[in-house]
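Fold and geometry: a report
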Amino acid sequence: KHGIDSLPILSRGVIYYWTSHGYLVALDATNGQEKWEILLDPRYSKINPPNVLNGVVYAKDDYYILHAVDLVKGKEIWQYKLSDRYVKPFFSNEGIYFIDNKNLIGLDPVSGHEIGRVKIISDFRGLFDTIIGVSKGIVCVCDSENGINGIDFSSGQLKWNLPYGGGRTMLPTLSDGIIYAINQDSLNGISLDYLVSIDAVTGQEIWKFKIEDDVNINIEGFSSPIVTNRVVYVGGNQYLYAVDAMS
């Protein structure tokens, strides 16, 4: 009865999505029957896909509001006003983290209350953009210049920065305290592509794996790394690579 206005997500047999009329809807993936719907934003807009974590559906509308909805009952638990529609929250068991006007903010996932707010202390003139994960109090963030950064959540201090180049459009992946990313170096005018692993707390490179493609492809042709069972998978224009995450 309403048009779908976001990318649907599937979690434990239930599909969640926004409608074009501002409803958040839950459908049974087996039979397509609606489990519940809740009107959160009556204004028509293109809306971000929901996220599911620990029995709660988190949905950000295009008018700067992050909603938390009980996954079973379909009732709103709390909402939090953001300052900008382009703020990108990162969801984890420890907290919901986002960057808002150069402030690094954390929310309690259960109550929606702030667990911390610090001003980011850095000389970087670009934008800190997308949070990819948190490890031992270090929030790992990609920036507008294709760099990867580690910011101390307790102080706002920039602890490390890796100015990776190559016009990267895929996001790095953080798993068990290790960041996996595609980097592009140049040697004698020839571009060389690497899968690298980085300690998320110190920013130190752990290992680097040279990707041997038959042709020299642009870094944009790679997928974001996926980590499972201590294996890192990354796809290029021609091949899918499986790399031992430990070495």
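Overview of the structure. Fair warning: this is a prediction, and the values are worked out from it, not measured in the lab.

Side note on the sheet that holds strand β21 (residues 226–228)
Reading across the sheet, the three strands line up as β21-β22-β23 and stay open at both edges, with antiparallel pairing between neighbours. The two strands at the open ends of the sheet, each matched to only one other strand, are β21 and β23 (240–244). With strand direction ignored, the average angle separating the axes of adjacent strands in the sheet is 25°. By the bridge criterion, three bridges tie β21 to strand β22 (residues 231–235) in an arrangement that is antiparallel. The partner of threonine 228 across the bridge, within β22, is valine 231.

As for the pairing of strand β8 (residues 76–81)
Sheet topology note: the strand β7 (residues 65–70)/β8 ladder contains five bridges and is antiparallel. When the sheet's bridge partners are listed, valine 69 is paired in β8 with glutamate 76. If you look at the hairpin formed by β7 and β8, you'll find five residues sitting between the two strands, and glycine 74 has a positive phi there, around 70°.

Remarks on the pattern of salt bridges
Under the definition given, this model contains one salt bridge. In this structure, arginine 117 and glutamate 114 form a salt bridge, with 2.7 Å as the shortest nitrogen-oxygen distance.

Focus: the packing of aromatic side chains
Within the structure shown, the criterion is met by eight aromatic pairs. Ring centres of tyrosine 16 and tryptophan 36 lie 6.1 Å apart, and the angle between their planes is 45°; this geometry places the pair in the tilted category. Of this pair, tyrosine 16 sits in strand β2 (residues 14–18) while tryptophan 36 sits in strand β4 (residues 34–39), and the two are 20 residues apart along the sequence. Comparing tyrosine 16 with tryptophan 36 shows no difference in burial state: the two are buried. Grouped by ring-pair contacts, the aromatic residues Tyr58, Trp78 and Phe91 constitute a single cluster. The ring of tyrosine 194 carries the charged tip of lysine 208 above its face, separated from the ring centre by 4.5 Å.

Details of the nonpolar core
Cys140, Ile148, Trp160, Ile179 and Ile198 are the most contacted members of the largest nonpolar core, which has 15 residues in total. Those elements giving two or more residues to this core turn out to be β14 (138–143), β16 (158–162), β18 (178–187) and β19 (190–199). Take this core: its biggest share by element is four residues, from β19. Discounting chain neighbours no more than four positions away, the residues touching tryptophan 160 are Ile138, Cys140, Ile148, Asn149, Gly150, Ile179, Asp199, Ala200, Val201, Thr202 and Gly203.

What about the side chain of serine 20?
Along the chain, serine 20 falls in the loop between β2 and β3 (23–28). By relative accessible area, serine 20 is classed as buried at 12%.

A few points about unusual backbone geometry
A positive phi angle, near 75°, is found at tyrosine 64, a position not held by glycine. Tracing the chain through its elements places tyrosine 64 in the loop between β6 (56–60) and β7. Classification of tyrosine 64 as partly exposed rests on a relative accessible area of 31%. Here the phi dihedral of aspartate 176 falls at roughly 50°; this positive angle occurs in a residue that is not glycine. Within the secondary structure, aspartate 176 is located in the loop between β17 (173–175) and β18.

Reading the values: rules and limits
- Residues numbered from 1 in each chain as written.
- Predicted model: local features only at pLDDT ≥ 70, side-chain atom pairs only at ≥ 80, totals over all residues.
- Heavy atoms only, no water.
- Pairing = 2+ DSSP bridges.
- Helix = DSSP H or I, 4+ residues; strand = E, 2+ residues; numbered from the N terminus.
- Axes fitted to C-alpha atoms, helices over the stretch in contact; angles between N-to-C directions.
- Salt bridge = Lys/Arg side-chain N within 4 Å of Asp/Glu carboxyl O.
- Phe/Tyr/Trp six-rings, centres within 6.5 Å; stacked < 30°, edge-to-face > 60°.
- Buried < 20%, exposed > 50% of the residue type's maximum accessible area, 1.4 Å probe, protein only.
- Lys NZ or Arg CZ within 6 Å of the ring centre and 35° of its normal.
- Core = buried A, V, L, I, M, F, W, Y, C linked by side-chain atoms within 4.5 Å.
- Contact = heavy atoms within 4.5 Å.

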